[in-house]
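Descriptive analysis of the structure
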Amino acid sequence: MDRRDFLRRGAGTTLGLSGLGALLAACGSQTGAPAPEAGPPPATTPGGETAATTAAATTAEATSAEGELPFPLARPDSPVTLPIFDDNPPIDSGLEPEAGPLKIYNWIDYIWKRKVKDFGKEFGVEVELSSFYTMDEAIAKLATGQTDYDVFFPTPDRMSRLAYGKLLRPLNLDYIPNLANMWPVFSNPFYDQGARYSVPYTIYTTGIAYRRDKVKTDPFELANGYEILWDPAYKGKAFVLDDSREALAMVLLKNGVTDINTEDPALIEMAKQDLISLIDLVNVKYGIEDYTKIPEGSAWVHQGWSGDMLAGSWYLPEGTKPDVLGYWYPPEGGGVIGNDLIAVLAGGKNPVLAHHFLNFMLDETNAYENMINFNGYQPPLTSLSAESLIADGFIPENLAAAAVRQEDFENAYLLLELSPDGQTLWQNAWAEFKAGV
Amino acid sequence: MLYPRWMWPAFSAPAVLWLLAFFVVPFYSILAVAMGSVDPILQQPQPAWNPADWDPNAFTFVFDNLFYGGGIFQKVFARTIAYVAIAVVLSLVIAYPVAYYIARHAGRWKTLLLVGLVAPFFISYLMRMLAWINLLQEDGWVNEVLVWTGILDEPRNWLDGRASSVVLGLVYGYVPFMILPLYAFLDRVDPRVLEAARDLGASRFNAFRLVTLPLSTPAILAGVVIIALPMFGDYYTPDLLSASPNTTMIGNQINFYLRGGQLVPVGAALVCVLMAMLLILLAYYLFATARAARRLAE
């Protein structure tokens with residue numbers, strides 16, 4: 001199962017059942033006290049340094065100017081060099097690795113365990129792998145300051161928050177020569193100039209996954225491929241990703257708006273209305289199981305991630321040929337691209353070992369084997385090209401568009417951090433779509 | 001006096017501690033989160049513990065979207081109430097005869113039947129809902145049976161975002177928690193009371209209508225409360241059996257807002273509003289059971 005999937009299922013059940021238990025207990029005792037709803041975990045105050053925050057605006061209409069962000073919002077045209085704080089310096093060069101155990105905190109099912117073992121063998125240490133289901137959940141846990149994980153897998157949109165929050169340790173790139181194996185852009189990405197805090201792990205695009213044997217028009221032949229989701233012919237078989245940013249960004253792109261990090265209320269309103277139109281038009285559903293729904297045929301068109309479709313052939317029912325899977329990404333480029341990163345955590349006890357681990361995962365062989373044997377998501381290795389992945393048979397012809405090319409990164413759009421007011425607009429628009437009609 | 005005065009009240013200490021630790025403190029935490037903010041860097045909730053610091057913005061937002069037409073939460077709340085009401089009534093219709101049969105007529109099979117009823121619930125809720133997905137899908141057994149018996153002409157896509165599938169999921173998920181209190185009560189009804197009714201000329205039906213049913217009102221109310229409360233907070237049943245925006249329940253909205261980001265206080269405020277609503281339900285339950293107890297005493 002996909003790493004993005006298990007999270008809400010597992011968490012949902014636990015919360016739900018524990019709530020039920022409490023309710024039974026409360027009712028049985030005849031005290032008449034209802035148990036609390038599944039609420040947030042008992043809130044803990046992270047660190048002590050964020051005292052003067054009570055004035056921060058929280059709701060839709062509270063658009064006060066005093067909610068200035070304490071960090072810059074990285075954009076391709078306004079790159080950010082993350083600061084290095086005196087009380088959180090990088091490690092010196094040439095140190096001996098620690099004795100471990102190395103603690104890795106990663107998305108669920110997002111690394112080939114064999115590689116983790118190999119690393120442990122090479123350095124003679126134990127390696128402990130822990131996992132999380134959402135970035136929010138992971139950051140909430142790290143923010144308690146009670147963890148001592150060494151290695152973390154963040155997304156670019158959170159880099160400023162993580163660096164300014166001093167959760168990450170700045171990197172000493174002397175330990176990570178293998179960064180040179182990756183696309184040059186990642187030595188100096190706009191969200192972390194100079195790769196001060198992060199190295200790349202995987203890249204993927206968001207496009208439309210579809211059943212080639214069920215759709216009557218090939219999205220590649222449409223003037224606007226996104227329109228296929230609005231085709232009433234696929235009523236009941238159309239899905240958008242259950243993600244406030246991804247779904248609305250797709251609608252913006254469909255309507256020719258390329259600033260997918262816009263905070264313009266009019267544009268977000270337009271995207272919301274167009275998204276809501278899908279409810280009556282095609283009885284749209286939401287989900288993140290494109291990698292099973294498309295292969296099994298319960299979805300014919302599903303907004304989806306490139307890496308999920310590459311893994312999709314594993315989920316085909318017996319008798320269904322792999323060439324029924326299709327993946328559309330704008331052939332001229334300019335779609336949504338995403339990348340996951342690896343970073344070293346400030347709270348870890350093995351910073352040197354952690355640097356070696358980053359270098360290990362950027363090794364050509366390790367990165368490649370991690371992808372083809374387990375992960376499915378492509379590492380941005382210079383030695384890999386879309387053509388070589390297709391020639392090697394890892395990517396079949398019918399999913400050629402799921403390969404990510406180096407030039408894609410230049411002309412595609414990343415979903416990036418928003419201001420508090422912007423985030424509020426996006427979240428409420430999504431909640432309104434989810435409320436139905 | 002034989003015992004010190006504090007002895008009997010002291011017996012309530014465990015219950016009081018339990019209530020403080022697992023109800024009062026968590027509830028106040030949620031309220032403090034709803035009245036608080038999030039820190040600007042890591043966006044973790046900053047609860048406002050001191051009522052002097054309370055910021056009612058999140059509540060204002062929830063009320064605006066709840067009580068004025070077209071708000072985000074209005075139709076979701078209305079839908080949730082409708083789903084839960086239907087599911088509770090259906091559960092009662094199913095649970096009462098089952099509980100009645102087991103309590104009065106099952107004889108030596110009683111224990112076995114009870115175990116059989118409860119056994120499936122040792123399997124996690126998630127697994128049982130995933131099983132329903134298989135049963136309800138287009139080539140699943142539900143469709144096969146319905147087509148085979150001629151009720152349907154062709155298979156229907158039950159997972160196509162239907163309210164009926166969500167309500168079915170709710171009923172299936174919670175009906176045993178209705179059966180158990182009903183059974184426990186009906187099992188204790190004194191058979192002599194019913195014999196007296198029959199002796200005095202009541203038909204079987206009238207004995208049920210005039211004696212058993214009124215006697216079991218508190219148990220019915222208890223069952224209703226026990227299953228209605230968790231149903232109101234359910235969000236994975238609509239996610240799994242429908243995934244359509246048209247079947248979103250309030251639990252889904254709470255889950256979305258609480259998961260992270262700038263609007264965690266809105267999620268916490270929704271929890272508080274939902275709890276206030278449920279408290280009204282519970283207050284009615286307490287009132288009704290107290291009245292029933294008074295009547296029985298007369």
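It should be emphasised that the depicted structure is a prediction, and the values quoted were computed from it without experimental measurement.

Cut-offs applied
Residues numbered from 1 in each chain as written. Chains lettered and ligands numbered in written order. Predicted model: local features only at pLDDT ≥ 70, side-chain atom pairs only at ≥ 80, totals over all residues. Helix = DSSP H or I, 4+ residues; strand = E, 2+ residues; numbered from the N terminus. Buried ≥ 20, exposed ≤ 12 C-beta atoms within 10 Å, placed from the backbone. Contact = placed C-beta atoms within 7 Å. Axes fitted to C-alpha atoms, helices over the stretch in contact; angles between N-to-C directions. Parallel < 35°, antiparallel > 145°, perpendicular 65-115°, else oblique. Nonpolar A, V, L, I, M, F, W, Y, C, P; charged D, E, K, R; others polar. Pairing = 2+ DSSP bridges. Right-handed = clockwise from strand over helix to strand, strands pointing away. Expected span 1.5 Å × (residues − 1). Bend = angle between axes of the 7 residues up to and from the residue. Left-handed = near helix turned anticlockwise from the far one by under 90°. Core = buried A, V, L, I, M, F, W, Y, C linked by C-beta atoms within 7 Å. pLDDT = per-residue confidence, 0-100.

Before going further, it helps to examine the overall build of chain A. Each helix and strand in chain A was counted, giving 13 helices and 11 strands. Looking at chain A as a whole, 49% of its 437 residues qualify as buried. Put simply, of all contacts in chain A between residues at least 6 apart along the chain, 76% involve residues at least 24 apart.

Turning to the overall build of chain B, a few remarks are in order. Secondary structure assignment for chain B yields 14 helices and 2 strands. Seen through its principal axes, chain B has C-alpha atoms that stretch 80 × 75 × 35 Å. Relative to its full complement of 298 residues, chain B shows a buried share of 40%. Long-range pairs, those at least 24 residues apart, make up 63% of the contacts in chain B between residues at least 6 apart in sequence.

In this section: the packing of helix α5 (residues 244-254) of chain A against helix α13 (residues 420-434) of chain A. Residues and elements named next belong to chain A. For the pair α5 and α13, the least separation of the axes is 10 Å and the interaxial angle reads 85 degrees. In terms of their interaxial angle, α5 and α13 are classed as roughly perpendicular. Counted together, S244, R245 and L248 of α5 and W426, Q427, A429 and W430 of α13 form the full contact between these two elements. Split into classes, the residues belonging to the contact of α5 with α13 amount to 4 nonpolar, 2 polar and 1 charged.

Let's shift gears to the pairing of strand β1 (residues 102-107) of chain A. The two faces of the sheet receive side chains in turn, since in a regular strand these alternate between them. All names here are of chain A. Within β1, 6 of the 6 residues are buried, leaving the element largely enclosed by the surrounding structure. In this sheet, strand β2 (residues 127-132) lies alongside β1 in parallel orientation, the contact comprising 6 bridges. What sits directly across from Y105, in β2, is S130. In terms of handedness, the path from β1 via helix α2 (residues 113-123) over to β2 forms a crossover that is right-handed. For β1 and strand β3 (residues 151-152), the ladder comprises 2 bridges, and the chain directions are parallel. Looking at β3, one finds that I104 is bridged to V151.

Let us look at helix α8 (residues 163-186) of chain B. Residues and elements named next belong to chain B. In this model, α8 (24 residues) spans 33 Å end to end at C-alpha, consistent with the 34 Å of a helix rising 1.5 Å per residue. Approximately 45 degrees is the largest bend angle found in α8, and it occurs at Y174, with the proline P176 only one to four residues beyond. Burial analysis of α8 places 18 of its 24 residues in the buried class, the great majority of the element.

All names here are of chain A. Position of W107 among the secondary structure elements: in strand β1. Classification of W107 as buried rests on a count of 23 C-beta atoms within 10 Å. Considering only alpha carbons, one finds W107 and P317, 210 residues apart in sequence, at a separation of 27 Å.

Below, the discussion takes up the pairing of strand β9 (residues 325-328) of chain A. Residues and elements named next belong to chain A. The two faces of β9 match: L325 and Y327 on one face and G326 and W328 on the other face are all buried. The pairing of strand β5 (residues 199-211) with β9 spans 4 bridges and is antiparallel. Residue pairing in the sheet places R211 in a bridge with L325 of β9.

All right, on to the environment of A268(B) then. All names here are of chain B. Looking at the element boundaries, A268 is found in helix α14 (residues 264-297). Judged by the 30 C-beta atoms lying within 10 Å of it, A268 is buried. Spatially, the C-alpha atoms of A268 and R188 are 42 Å apart, while their sequence positions differ by 80 residues.

So, about unusual backbone geometry. Trans is the common state for peptide bonds, and a negative phi is the common state for residues other than glycine. Residue and element names in this part refer to chain A. The amide bond that connects G100 to the next residue, P101, takes the cis arrangement and shows omega of -5 degrees. Mapped onto the elements, P101 comes out in the loop between α1 (3-28) and β1. For D109, which is not a glycine, the phi torsion comes out positive at approximately 50 degrees. Counting through the fold element by element, D109 comes out in the loop between β1 and α2. Using a count of 16 C-beta atoms within 10 Å as the deciding quantity, one classes D109 as partly exposed. If you check the backbone angles, K166 has positive phi at about 55 degrees while not being a glycine. Relative to the assigned elements, K166 resides in the loop between α4 (159-164) and β4 (168-169).

Looking now at the packing of helix α3 (residues 57-67) of chain B against α14(B). Residue and element names in this part refer to chain B. Interaxial distance between α3 and α14 falls to 8 Å at its minimum, and their mutual angle equals 65 degrees. The interaxial crossing formed by α3 with α14 has right-handed handedness. Of α14, the residues touching α3 (which contributes A58, F59, F61, V62 and L66) are P265, V266, A268, A269, L270 and V273. Tallied by class, the residues present in the contact of α3 with α14 amount to 11 nonpolar, no polar and no charged.

In terms of nonpolar packing, the biggest core is built from 193 residues, with V151(A), L248(A), A34(B) and A268(B) touching the most fellow members. Top contributing element to this core by residue count: α8(B), with 14 residues. Every residue in contact with V151(A), bar those within four places of it in the chain, is listed here: I104(A), Y105(A), I342(A), V344(A), L345(A), A354(A) and F357(A).

This part is about the confidence of the model for chain B. Mean pLDDT over chain B works out to 88, with 99% of the residues at or above the 70 mark. Scored as a complex, the prediction yields pTM 0.84 and ipTM 0.88.

Residues and elements named next belong to chain B. In this model, α14 (34 residues) spans 49 Å end to end at C-alpha, consistent with the 50 Å of a helix rising 1.5 Å per residue. All of the buried residues along α14 are V264, P265, V266, G267, A268, A269, L270, V271, C272, L274 and M275. Looking at the buried side of α14, the elements it contacts are α2 (13-34), β1 (37-38), β2 (45-46), α3, α11 (217-233) and α13 (250-258).

This prediction gives chain A a mean pLDDT of 83; 85% of its residues lie at or above 70. Here residues 1-66 of chain A is a poorly scored stretch, pLDDT under 50, and it has 139 contacts once near neighbours within four places are set aside; other chains count.

Further remarks concern the environment of L200(B). Within the secondary structure, L200(B) sits in the loop between α9 (191-199) and α10 (204-215). Once the C-alpha coordinates of L200(B) and D190(B) are considered, the two residues, 10 residues apart in sequence, prove to be 16 Å apart.

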